[in-house]
Amino acid sequence: MPKRDFLAIPDFSRDELTALFDLAAAMKRQDYRDKPLAGKTLGMIFAKSSTRTRVSFEVGAYQLGGHALFLSARDIQLGRGEPIRDTARVLSRYLDGIMIRTFDHADVEELARFASIPVINGLTDLLHPCQILADLLTIRESLGGWEGKAIAWVGDGNNMANSWINAAGTLGFELRLACPEGYDPDPAILERNRAKAPIVLTRDPKAAVTGADVVNTDVWASMGQEAEQAERERAFQGYMVDDALMDRASRDAIFLHCLPAHRGEEVTESVIEGRRSRVFDQAENRLHAQKALMATLMGDPR
Ligand code: CP
Ligand code: NVA
């Protein structure tokens with residue numbers, strides 16, 4: 001069997017995603033006792049900071065009987081210029097899977113091309129698909145699924161927004177994005193998925209949120225964009241998710257944020273700590289979703 005990677009949501013079909021969520025839910029219920037990673041090691045390359053991704057992958061690998069290695073990009077030879085294609089082939093001789101968090105998405109694609117073991121995208125400037133797995137699992141738990149639901153995105157057209165667009169295209173739900181001018185999602189990803197699902201882009205957060213079942217946001221300046229903080233704060237005026245905006249959503253709407261959050265910028269304290277917020281279930285679900293992902297990609301066939 002050829003190895004499989006998970007670099008973007010469309011790497012899995014709708015049926016494969018459903019199977020993944022079923023497995024993740026069984027793992028969460030503790031209805032799953034297998035150790036599909038016994039004797040196996042996941043290497044985790046980080047060129048950016050992380051709390052959730054690092055800890056959930058490491059704990060998840062351990063719970064599945066395997067082991068995870070933290071590899072700071074600064075400390076391995078990659079950080080001194082060793083080519084990605086050499087790193088990929090060397091690591092493939094030791095490891096059973098690689099998770100990588102870095103800047104340029106093309107670097108992750110190159111790593112996957114040269115690695116003979118599964119590669120998982122743990123966030124790039126373009127995409128954050130593992131987070132979307134956890135978000136969809138949270139929506140399934142809180143709302144019973146995404147069929148017939150409207151999902152709103154308020155804020156930057158960043159890696160999270162692009163991954164939501166990929167998810168809408170793959171699963172067919174309605175997605176409404178409100179992004180300030182100059183901060184739109186990736187045009188190619190938007191174009192590709194608009195043909196497959198009702199996806200709208202507006203400048204008006206109220207229009208995106210009115211009647212929505214899920215309201216999502218994220219930081220205004222992502223990792224690597226710290227120098228743009230002040231300029232972005234100006235551009236994103238009016239994009240804070242507050243109670244007045246949430247009140248426009250459907251009665252049972254939930255609020256999601258991948259975290260870390262900046263209270264008083266993209267979201268108010270009362271929304272993130274309020275009754276509609278599911279942000280800590282969402283963070284927990286990183287563990288369950290990624291365990292299902294590792295079992296699927298790296299586990300021995302049953
Ligand atoms: N949401 C998320 O990916 O968090 P970390 O940056 O802490 O991994
Ligand atoms: N958009 C954010 C997500 C962090 C998990 C970033 O890239 O920094």
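Now for a quick tour of the structure. (Residues numbered from 1 in each chain as written. Chains lettered and ligands numbered in written order. Predicted model: local features only at pLDDT ≥ 70, side-chain atom pairs only at ≥ 80, totals over all residues. Heavy atoms only, no water.)

1. Looking at the site of ligand 2
What counts here: We call a residue near a molecule or strand as soon as one heavy atom of that residue lies within 4 Å of the molecule or strand. Pairing of N or O atoms within 3.5 Å defines a polar contact, subject to two protein rules: one partner must be a possible hydrogen donor and the other a possible acceptor, and residues neighboring in sequence count only if both atoms are side-chain atoms.
Neighbouring residues of ligand 2: Leu123, His128, Asn158, Asn159, Asp218, Ser222, Met223, Cys258 and Leu259. At 2.7 Å from a nitrogen atom of ligand 2 is found a side-chain nitrogen or oxygen belonging to Ser222. Within the backbone of Met223, a nitrogen or oxygen atom sits 2.8 Å from an oxygen atom of ligand 2.

2. Details of the sheet that holds strand E3 (residues 97-101)
Counted only if it meets this: A pair of strands is treated as paired once DSSP finds two or more bridges between them. In this description a helix means any DSSP run of H or I spanning at least four residues, a strand means any run of E spanning at least two, and both kinds are numbered starting from the N terminus. Helix axes are fitted only over the stretch in contact, all axes being lines through C-alpha atoms; the angle between N-to-C directions runs from 0 to 180 degrees.
In space, the 4 strands of this open sheet follow the order E2-E1-E3-E4, with parallel pairing throughout. Edge positions in the open sheet fall to strand E2 (67-72) and strand E4 (119-121), since each of these has one partner strand only. Strand after strand, the sheet turns through a mean of 20 degrees between neighbouring axes, direction not considered. Note: strand E1 (residues 41-46) against E3, 5 bridges, orientation parallel. Bridge pairing links Leu42 to Gly97 in E3.

3. Points about the sheet that holds strand E7 (residues 199-202)
Taken together, 5 strands build an open sheet; the order of strands is E7-E6-E5-E8-E9 and the sheet is parallel. Every other strand in the sheet has two partners, leaving E7 and strand E9 (254-257) as the edge strands with one partner each. Strand-to-strand twist of the sheet, defined as the mean angle between neighbouring strand axes without regard to direction, takes the value 20 degrees. Here strand E6 (residues 174-178) runs beside E7; their pairing, made up of 4 bridges, is parallel. Across the sheet, Arg176 pairs through a bridge with Val200, a residue of E7.

4. Considering the environment of Pro260
The following threshold applies: Think of it in three bands: with a 1.4 Å probe and only protein chains considered, a residue is buried below 20% of the maximum accessible area for its type, exposed above 50%, and partly exposed in between. Whether two residues are in contact is decided by their heavy atoms, any of which lying within 4.5 Å being enough.
With respect to the helices and strands, Pro260 occurs in the loop between E9 and helix H11 (269-272). Overall, Pro260 belongs to the exposed group, its relative accessible area being 53%. Remark: the alpha-carbon pair of Pro260 and Gly97, spanning 163 residues in sequence, is separated by 26 Å. Excluding anything up to four places from it in sequence, Pro260 contacts Arg52, Val219 and Glu266.

5. Topic: the state of the cysteines
Under the convention used in this document: Two cysteine sulfur atoms form a disulfide, by the criterion used here, when they sit within 2.5 Å.
Overall, the coordinates contain 0 disulfides when judged by the stated rule. Of all cysteine sulfurs, the one in Cys258 lies closest to Cys130, which takes part in no disulfide; the gap is 12 Å. Classification of Cys258 as buried rests on a relative accessible area of 9%.

6. Some details on the packing of aromatic side chains
We apply this condition: Each pair of aromatic rings taken from Phe, Tyr and Trp, with Trp reduced to its six-membered ring, is defined by centres within 6.5 Å and is described as stacked if the planes are under 30 degrees apart, edge-to-face if over 60, and tilted in the remaining cases. Look at NZ for Lys and CZ for Arg. If either is within 6 Å of the ring centre and within 35 degrees of the ring normal, a charge sits over the ring.
Counting across every chain of the model gives 7 aromatic pairs. Between Lys48 and the ring centre of Phe103, over which it is positioned, the NZ or CZ distance is 4.6 Å.

7. What to know about the nonpolar core
Note the threshold: In these notes, a set of buried Ala, Val, Leu, Ile, Met, Phe, Trp, Tyr and Cys residues joined through side-chain atoms within 4.5 Å is what counts as a nonpolar core.
The biggest cluster of nonpolar side chains holds 57 residues, and the ones touching the most others in it are Trp164 and Phe173. Aside from chain neighbours lying at most four places away, what touches Phe173 is Leu136, Trp146, Lys149, Ile151, Trp164, Ala167, Ala168, Ala197 and Pro198. Of all hydrophobic cores here, the second largest spans 23 residues; its members include Ala152, Val154, Val215 and Val267.

8. A closer look at unusual backbone geometry
With omega at 5 degrees, the peptide bond leading from Leu259 into Pro260 counts as cis. For Leu259, the position within the fold is in the loop between E9 and H11.

9. With respect to helix H4 (residues 105-114)
An α-helical segment advances 3.6 residues per turn. Residues three or four places apart therefore align on the same side. Looking at H4, one finds that the buried residues are His105, Val108, Glu110, Leu111 and Ala112. Tucked into the core, H4 has its buried residues touching helix H3 (84-92), E3 and E4. Among the residues of H4, the N-terminal cap falls to Asp104, whose side-chain oxygen and the backbone nitrogen of Ala106 are separated by 3.0 Å.

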